Amino acid sequence: TVPDNHVVAASGVLKNPEQVLTERQRERLQAAAMSEAPAFVITPDEALANESSTPEGTKTWVFVADNVRDVAFASSAKFIWDAAGRQVDDRTVMCMSYYPKEGEPLWSRYSTHAIAHTVDVYGKFAFPYPYPTAISVNGPVGGMEYPMICFNGPRPEDDGSYSERTKYGLISVIIHEVGHNWFPMIVNSDERQWTWMDEGLNTFLQYLAEQEWEDEYPSHRGDPDDIVDYMTSSRQVPIMTNSESLLQFGSNAYAKPATALNILRETIMGRELFDFAFRTYAERWRFKRPEPADLFRTLEDASSVDLDWFWKGWFYSTDHVDLALDNVRLFTIDSRDPNRENAAKRQERDEAPTTLSKARNASLPKRSQRFPELLDFYNGFDDLDVTAADLRKYESLLEELDDDQRELLDNPLHFYVIDMSNHGGLVMPAVLQLDFDDGSGEELRIPAEIWRRDPSATSKLFITDKTLAAVTLDPHHELADADTGNNRWPPKIEASLIRLTERSRSKNPMQVQRAEDERQAEDEAESDDDGESGAGSDGNERPS
C-alpha cells in the first residue's frame, strides 16, 4: 500500500492491474507482452505528471510470487516503466524496467534489452527461466539481486551524456543481477559459506552473455589474461575458503572461479562437452541446495572427465600458471651413408664460428712453415673424407637390413623434443604453436596429464619431416600464464613503451564530441555570416 501517485515494481506477478493502472496503461502492458522491443507502460510524460502531483490517498498493489526464497519491491512517483515479452518454452516472460527521468536516455535504450538478453543466454547455458517476470530497477544501489527483481545504479551525466564505462557498466550489472535468478535464487547454494558458488558461476555466465551482446564487448572478468595480476599477488587464499575469511573478495569469489570455468570450457573440456555438463549441473540442482562437491562431482559425472587435478590447483591452492618453454632439441636418423653424413658434418664444421684467439693466431709465423719436414700424414688427413672402406662398411650394413629398416634409414624425419618447466606450480594443458621454415604451422594441444610424472618439468616429442623455425607456448593466451616472456623458442626481444604522463580529462568522450560539434557549427555560422556581408562589398573590406 503506497501513495496513489506511486508506481510499484516487485517480485512476482501483479494481480490487480485494474485497480492501479489506467485502461491505456493496461493496454500497453498487454501489447508489450507481444513485443520484442521495449515499449512504454508508464510513459515519461506520465511519470513526470506523477512526480509533479500531490497524492490524494493510497493504492494497494497485489503481487504473487511462487517458488521464491525472498521478495523485494520498489515504489516511486518518478518511475518510467517499459517492458518487452520473451517467449520461453510456451510461456511469456515479461522483461521490465523501472527508472526515473534521471536515468535517461541510457535506461530506456539498454535496460530491458539487457534483461531479455540475459533470459535468452542464461536459458541456453543453464535452464529456461522459470519465473513469469524479470525486472531491473534504477535506484541508489549499485547492484543487488532478489527473485525476479534487481536494483542497478548506473546513470548518465546531468546533461544526458555518458561515458563508455557507464554504458557497459549498466549492461553488465543488469546481466549480472538478473543472472542471479539462476544462481543462487534457483540453484540455491549457500552464498554466506561459499560466495563463489553463486558469484563465480554467475560471473562466468555473465561473461558468456556479454560476448554475445556485441563484438569486442569490454568484459572485465572471464578472459585468462585478466586474472594474472591477482593470481601472482600476495595475500591470497584459495577459492575454497569460507566467505567471511576471504582476502581480495572480488577477485577471489567472482573473477577467479569465472576464469577457471572459462578455461575449463575452452581449453580442457571443449565447449560442447562442458556446456552439456554445466547444463546437467544446473538442471540437477535447480530448486535444491548444492555444495561445492556437488558441482565438482556433477561436472565430472556428466563429462566422464577426471578433473581432480583441476579442482585441486584452481580451487584449493593459490598457485598460479607460469609454464616455460626451456629448450627445443633436434634428433635426426643417422642414415649411416658416409657421403651424406660426412657432408653434413663438414658443413657444420665449416660454419662454426672462429674464436677470437684462432683469428688472431692465423697470421702468426709457424714453425712448420720454416721446417716442412715436420708435416706428416695427419697434416693432410681429413677424417670426414669418405674412403673406400667406409663405403664397403655401408654396403655391408644395407645387406643385413630388411626393406623396412632400409626405408627408415633413408627417411628425412626430424625428431624434436620440446622441454617445458612449471614455474608457477599450477599444472595446465600445454598448448604449442609450431612454425616451420616453409611458412606453414601446426598447433599441438597436450592434456595436463603430461605433468603426471613430474609436475615441475616435462618434455614432448614431436616428429615431422619439416624444419622447425619457432615454437610458442600458449599462443592464444588461454592459460592465464603469468610470464609470457619464457613462452617462445627462440626467445623474442620484449618491447615496451615509455609514456609521458597525460593530463586527465574531466569530460567523457560524448561531451567532448558534443563540444566539438558545437564549435564546428559556430565556425560554419561565422563563415556564412562573413560570406553574406561580403556579397556586395567593393573589395576594400578587411579579411576576417
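In this report, we go over the structure that sits alongside the text.

So, how was this worked out
Residues numbered from 1 in each chain as written. Predicted model: local features only at pLDDT ≥ 70, side-chain atom pairs only at ≥ 80, totals over all residues. Heavy atoms only, no water. Patch = residues over 30% accessible without salt bridge, like charges linked within 9 Å, V, L, I, M, F, W, Y side chains within 5 Å. Areas by Shrake-Rupley, 256 points an atom, 1.4 Å probe, with all protein chains shown as cover. Salt bridge = Lys/Arg side-chain N within 4 Å of Asp/Glu carboxyl O. Lys, Arg positive; Asp, Glu negative; His and termini not counted. Charge placed at Lys NZ, Arg CZ, Asp CG, Glu CD. Helix = DSSP H or I, 4+ residues; strand = E, 2+ residues; numbered from the N terminus. Pairing = 2+ DSSP bridges. Disulfide = S-S within 2.5 Å. Buried < 20%, exposed > 50% of the residue type's maximum accessible area, 1.4 Å probe, protein only. Polar contact = N/O pair within 3.5 Å; in protein donor to acceptor, adjacent residues only side chain to side chain. Contact = heavy atoms within 4.5 Å. Phe/Tyr/Trp six-rings, centres within 6.5 Å; stacked < 30°, edge-to-face > 60°. Lys NZ or Arg CZ within 6 Å of the ring centre and 35° of its normal.

The grouping of Asp517, Glu518, Glu522, Asp523, Glu524, Glu526, Asp528, Asp529 and Asp530 at the surface amounts to a negative patch. By secondary structure assignment, the location of Glu526 is in helix H18 (residues 509–533).

Turning to the sheet that holds strand E18 (residues 468–473), a few remarks are in order. Spatially, 4 strands are ordered E16-E15-E18-E19 in an open sheet, and the strand pairing comes out antiparallel. Both edges of this open sheet fall to strand E16 (441–446) and strand E19 (488–489), since each of them pairs with a single strand only. As paired strands, E18 and E19 are joined by 2 bridges and run antiparallel to one another. Of the residues in E19, the one forming a bridge with Val471 is Trp489.

Attention now moves to the state of the cysteines. All told, the structure shown has 0 disulfides when counted by the stated rule. Take Cys95: it sits in no disulfide, and the sulfur closest to it among the cysteines is that of Cys150, at 11 Å. Residue class for Cys95 comes out buried when judged on its relative accessible area of 0%. The class of Cys150 is buried, set by a relative accessible area of 1%.

Okay, the side chain of Ser161 next. Here Ser161 is to be found in the loop between strand E12 (149–152) and helix H5 (164–179). Of note is the side chain of Ser161, whose polar atom sits 3.2 Å from the side chain of Asn508. Those residues in contact with Ser161 that sit more than four places away from it in its chain are Pro156, Asn508, Met510, Gln511 and Arg514.

Time to look at the packing of aromatic side chains. This structure, assessed with the given rule, holds 28 aromatic pairs. Between the aromatic rings of Tyr129 and Tyr131, the centroid separation amounts to 5.8 Å while the plane-to-plane angle is 85°, which identifies the pairing as edge-to-face. With a relative accessible area of 3%, Tyr131 lands in the buried category. The ring of Phe127 carries the charged tip of Arg286 above its face, separated from the ring centre by 4.8 Å.

At the junction of Glu104 and Pro105, the peptide bond is cis and its omega measures out at 5° in the coordinates. With respect to the secondary-structure elements, Pro105 resides in the loop between strand E9 (91–99) and helix H4 (106–125). The backbone phi angle of Arg235 is positive, close to 55°, even though this residue is not glycine. In this structure, Arg235 sits in the loop between helix H8 (228–231) and helix H9 (249–268). We note that His477 has phi near 55°; this positive angle belongs to a residue other than glycine. With respect to the secondary-structure elements, His477 resides in the loop between E18 and E19. Residue His477 is classed as partly exposed on the basis of its relative accessible area of 33%.

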